[in-house]
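Residue-level structural notes
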Amino acid sequence: MIKERNSNIELMRIVSMLMILNLHSMSGPSINDSFVWQTFDFFRESVSICAIHLFVLASGYFGIKWKMKSFSSLLFQILFYFWIIIGVCSLLSIGKPIEASGWQLAVMPFTQGWWFVTSYLLLYMIAPLLNYINGKLPLYGRVMFVLAVYVISIKFDYKNIELFASLYLTGSVLKTMREMIVYKFLFDINLNRIGYWVLTSLIASICLYLFALGIMDVTTIKGKLVGWSYSNPLIMLQSVCLFNIFNDLDIRNSWINKAAISVLAVYLIHMHPCIKEYYYSFAKSLYEMSHIMHIAILLIFLPTCLVICLLVDRMRIFVFDKMYDMFN
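Conventions adopted
- Residues numbered from 1 in each chain as written.
- Predicted model: local features only at pLDDT ≥ 70, side-chain atom pairs only at ≥ 80, totals over all residues.
- Heavy atoms only, no water.
- Helix = DSSP H or I, 4+ residues; strand = E, 2+ residues; numbered from the N terminus.
- Buried < 20%, exposed > 50% of the residue type's maximum accessible area, 1.4 Å probe, protein only.
- Contact = heavy atoms within 4.5 Å.
- Areas by Shrake-Rupley, 256 points an atom, 1.4 Å probe, with all protein chains shown as cover.
- pLDDT = per-residue confidence, 0-100.
- Core = buried A, V, L, I, M, F, W, Y, C linked by side-chain atoms within 4.5 Å.
- 1 Å grid on protein atoms, 1.4 Å probe; cavity = no way out; pocket = protein on both sides within 12 Å on 5 of 7 lines; lining within 4 Å.
- Points joined across faces, edges and corners; volume = space filled by probe spheres on them.
- Nonpolar A, V, L, I, M, F, W, Y, C, P; charged D, E, K, R; others polar.
- Phe/Tyr/Trp six-rings, centres within 6.5 Å; stacked < 30°, edge-to-face > 60°.
- Lys NZ or Arg CZ within 6 Å of the ring centre and 35° of its normal.
- Patch = residues over 30% accessible without salt bridge, like charges linked within 9 Å, V, L, I, M, F, W, Y side chains within 5 Å.
- Salt bridge = Lys/Arg side-chain N within 4 Å of Asp/Glu carboxyl O.
- Axes fitted to C-alpha atoms, helices over the stretch in contact; angles between N-to-C directions.
- Parallel < 35°, antiparallel > 145°, perpendicular 65-115°, else oblique.
- Left-handed = near helix turned anticlockwise from the far one by under 90°.

This next bit is on the overall build of the chain. A tally of regular secondary structure across the chain gives 15 helices and zero strands. For the chain, buried positions account for 48% of its 328 residues. For the chain, the proportion of contacts with a sequence separation of at least 24, taken over those separated by at least 6, is 81%. Carbon and sulfur atoms make up 70% of the accessible area of the chain, which totals about 16,900 Å².

Moving on to the confidence of the model for the chain. Averaged over every residue, the pLDDT of the chain is 85; the share at 70 or more is 88%. The spread of mean pLDDT over the elements of the chain runs between helix 5 (residues 102-113), the lowest at 58, and helix 1 (residues 8-24), the highest at 95.

This part is about the nonpolar core. Of all hydrophobic cores here, the largest spans 95 residues; its most connected members are F243 and Y267. Counting residues per element, this core draws most heavily on helix 4 (residues 68-92), at ten residues.

This brings us to empty space enclosed by the protein. Over the atoms rolls a probe the size of a water molecule, and in doing so it shows where empty space is left. If you walk through the whole model with that rule in mind, you get one cavity of 30 Å³ or more. What the largest cavity holds in volume is close to 30 Å³. M17, I20, I52, F55, F116, L264 and Y267 together form the lining of the largest cavity. Breaking the lining of the largest cavity down by element, the ones donating at least two residues are helix 1, helix 3 (51-62) and helix 13 (263-270). The residue makeup of the lining of the largest cavity, split by class, is seven nonpolar, no polar and no charged.

A few words on the packing of aromatic side chains. Inspection of every chain in the model, using the stated rule, returns 21 aromatic pairs. Their ring planes at 75° and their centres at 5.0 Å tell us that W66 and Y124 sit as a pair that is edge-to-face. Of the two residues, W66 is situated in the loop between helix 3 and helix 4 and Y124 in helix 6 (residues 115-136); the sequence distance between them amounts to 58 residues. Classification of W66 as partly exposed rests on a relative accessible area of 39%. On the basis of relative accessible area, Y124 is assigned to the buried category, the value being 6%. Ring pairing ties together the aromatic residues F55, W115, F116, Y120, F164, Y230 and Y267, which thus form one cluster. We note K175 situated over the ring of Y61; from NZ or CZ to the ring centre the distance is 5.9 Å.

Attention now goes to a nonpolar patch on the surface. A cluster of nonpolar side chains, I84, V88, L91, L92, I94 and Y278, forms an exposed patch at the surface whose accessible area comes to about 620 Å². Take the nonpolar patch: its biggest share by element is four residues, from helix 4. Within the secondary structure layout, Y278 lies in helix 14 (residues 276-285).

Here the second largest pocket is characterised by a volume of approximately 550 Å³. Around the second largest pocket, the lining is made up of 20 residues, and of these T170, L174, M236, L237 and V240 lie nearest the centre. The greatest single-element share of the lining of the second largest pocket, amounting to six residues, is contributed by helix 11 (residues 233-247). Of the residues contributing to the lining of the second largest pocket, the split by class is 16 nonpolar, four polar and no charged.

Here we come to the packing of helix 4 against helix 6. Direction vectors running N to C along helix 4 and helix 6 enclose 165°, while the axes themselves pass 12 Å from each other. For the element pair helix 4 / helix 6, the angle class is roughly antiparallel. For the crossing formed where helix 4 meets helix 6, the hand is left-handed. Of helix 6, the residues touching helix 4 (which contributes S70, F71, L74, L75 and I78) are V117, Y120, L121, Y124 and M125.

Along the polypeptide, D248 turns up in the loop between helix 11 and helix 12 (254-260). For D248, a relative accessible area of 38% corresponds to the partly exposed category. Counting along the chain gives 240 residues from D248 to N8, while the straight-line C-alpha distance between them is 7.8 Å. If we skip the residues at most four places from it in the chain, D248 touches R178 and I189.

Have a look at this one:
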């Protein structure tokens, strides 16, 4: 009898994608908004800011194992949505036109299309090296190596392979520490719950304080180490706490597992170069409504986007499976 896959991390992937949808629905509070609304908006962003980290932590915790079908499926998924959406938008004369041609257009899905995809593909390519390092270094050596890679990532743009590598290695360190009794207290569910909400509140408070004083605007906050930069150490710790919360759950559900297979499609569809401006524009228009109406529509809009994209991806899975079986 085949043991059903644990669904706790799969559920985390789905929740993380909801968090990403939430992040992309943020137009940013205005200095003219009430303090209560500003606080709510800053807290909403801070709750979700670690979403990307969770995906990479999970990859490091379980390890990326090279399989031709998995890698082929990933590449097919990227190319499928990039070209299919361009084709549909061209036929319907909608969406932002792609200003590229020739070889630039050919490599665009891996360069300018989706930054997360580019970084994750690079991570996939260097995963064997990172796995080798994990197998050779003792725990303290791996911790020091993680810190070194993380410090290097701070020196560059926050959307980079160095940050992904440090998160990947952090995931593997967490797995080792979880199996050692001396570190068990770090994985206490109540401690991580408290840690997540304390860190979230702290991140939101710092960003709100800097914004209220006029030291930084919303755009600047997103790129600063003390703000919503993905390299912010508080956000790194926040993601570890939330990962541990999900990792402590014991859920086995085939529907969750099937849905989690398609979570990347949600990102690829709503952040496609032809579509994302529509998403941003609609999200920005909500700020012109009353606060209650804004929240009510978001509570419907974000899950609806998630479900529609998950359902659409069933078609992509069907096409890929047929094509893979045909050539193998």
